[in-house]
Structure formats: structure tokens, C-alpha cells
Amino acid sequence: MHIGTGIFEGKVLSEPVNCTDRSCRTLTIKEEIFTVIGTRILEAKVLDVNDSNGMYGIESMSRGAVISRFVNPEKNEIKATENNLKIVGVDPKTLTYTQTINEFISNTLINELLEEKYDVIFFEVKAKDDFSVVSEVFSKQKPSGITVLIYPNLIGFELPKVKGGEVIETREFEDRKVAIFLKK
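All figures in this text were calculated on a predicted structure; none of them were measured in a lab. (Residues numbered from 1 in each chain as written. Predicted model: local features only at pLDDT ≥ 70, side-chain atom pairs only at ≥ 80, totals over all residues. Heavy atoms only, no water.)

Undergrad: I'd like a description of the overall build of the protein chain, backed by residues and values.
TA: From N to C terminus, the protein chain includes six helices and seven strands. Mapped from its N terminus to its C terminus, the protein chain presents α and β elements in the order α-β-α-β-α-β-α-α-β-α-β-β-β. Counting across all 184 residues of the protein chain, residues that qualify as buried make up 51%. Looking at the protein chain alone, contacts between residues at least 24 apart form 64% of all its contacts between residues at least 6 apart. When the accessible surface of the protein chain is summed, it comes to about 8800 Å², and 51% of that surface belongs to carbon and sulfur atoms. (Helix = DSSP H or I, 4+ residues; strand = E, 2+ residues; numbered from the N terminus. Buried < 20%, exposed > 50% of the residue type's maximum accessible area, 1.4 Å probe, protein only. Contact = heavy atoms within 4.5 Å. Areas by Shrake-Rupley, 256 points an atom, 1.4 Å probe, with all protein chains shown as cover.)

Here it is, written out as C-alpha cells:
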């Protein structure tokens, strides 16, 4: 896995220990997402949720995002994200959170420090229950911001209706689907 373009172009990112569910099409999926997002990423504030190695947020910073924050309850995955931030020369100390998205949103200390809303949110759905927090994810988004949902292309993983969000683009791959929502 590597950064495709921008100031970190060509930097090779590591995967978390025991990561076996990555598709060989992951790079293609990432590039298609950034093609759709286009210049929205420039000077954006980005939230990267449940990404196993931080590739979406790091690619965003490489392409001109002001900041990316990383939220993931899996310790080995957030550790991979921290290592990848170090690979590209970014201090992960104030950017990574080992929490679920609900814990991140409801954490009083974090919210006092981070009253920020995000222009772009990447949310990797790993379990069917993750769909239930999409509304909470939207609560951290700026008006007219976009949320990118990446979820398994499996029976039972059907895109939910999202209050306040309109699907503007969908893509389907062998093992993943992508839906891009615009916040109304």
C-alpha cells in the first residue's frame, strides 16, 4: 500500500498485524474515491473512522487537507495508523484516538478541545452494526460536507437511508461498495 499522489507520493504504508481482509483492489478503490472527491480535499478537515491503517486520512493530507484525525477502536489498527503517520513525517500524538466513533463524539474532553466539524469523513463499515452510527458520524460534518462509506459487498450490508444525507455517487467492486453522501 502506498500514497498515490501529493507531498507524500510514493511513501509505502504498513498494514496492521494480522490484517488479511485487504483486497488487492484497495488501491483502485482509494484512487476512485479521490477522483470523485476531487478538489474538495484541498484545505479540508478530514475524519478517518475505522480505517485499518489510516490510508484515507494520510492520502488526504498528501493531497492538501489541512488536518486528518483518525478514530478506531482496534488497537493494532490505530497502531498501524500511528506508524504510517510517522513514515510520512507527521506526529500522531494529537491525531489518533483508540475509540469507537460514539466514544469519540461523546468524549467531553475531546469535544472541548475539538469543536471542529469536518469537510470530508471516511467511514469504513466493518460490521452491520456500524451502519447504526452513520447519523452520529454526520453530526461531526460541516454543511455541504461529504461522507464516504466503504462497506463489504456482502448480502446483509445494504446501504441505510441517512437523514440529512443524499447519495451523490456509488461504486461497486468485487469485495467492497462505496457510497458518497453529501450533507444537506
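Undergrad: Please give an account of the packing of aromatic side chains that cites residues and values.
TA: In total, this model carries six aromatic pairs according to the counting rule given. Each ring, one from Phe34 and one from Phe122, has its centre 5.6 Å from the other, and the planes form 40°; the classification is tilted. In this pair, Phe34 is assigned in helix H1 (residues 26-37) and Phe122 in strand S4 (residues 118-124), connecting sequence segments 88 residues apart. (Phe/Tyr/Trp six-rings, centres within 6.5 Å; stacked < 30°, edge-to-face > 60°.)

Undergrad: Break down the pattern of salt bridges for me, with residues and values.
TA: Per the counting criterion, the structure on display carries eight salt bridges. Residue Lys126 pairs with Glu77 through a salt bridge whose shortest N-O separation is 2.3 Å. Of this pair, Lys126 sits in the loop between S4 and helix H6 (134-138) while Glu77 is found in helix H3 (residues 75-87), placing the two residues 49 residues apart along the sequence. Glu169 serves as the salt-bridge partner of Arg171, at 3.0 Å between the closest nitrogen and oxygen. Ionic contacts of the salt-bridge type, sharing partners, join the residues Lys30, Glu31, Glu59 and Arg63 into one network. (Salt bridge = Lys/Arg side-chain N within 4 Å of Asp/Glu carboxyl O.)

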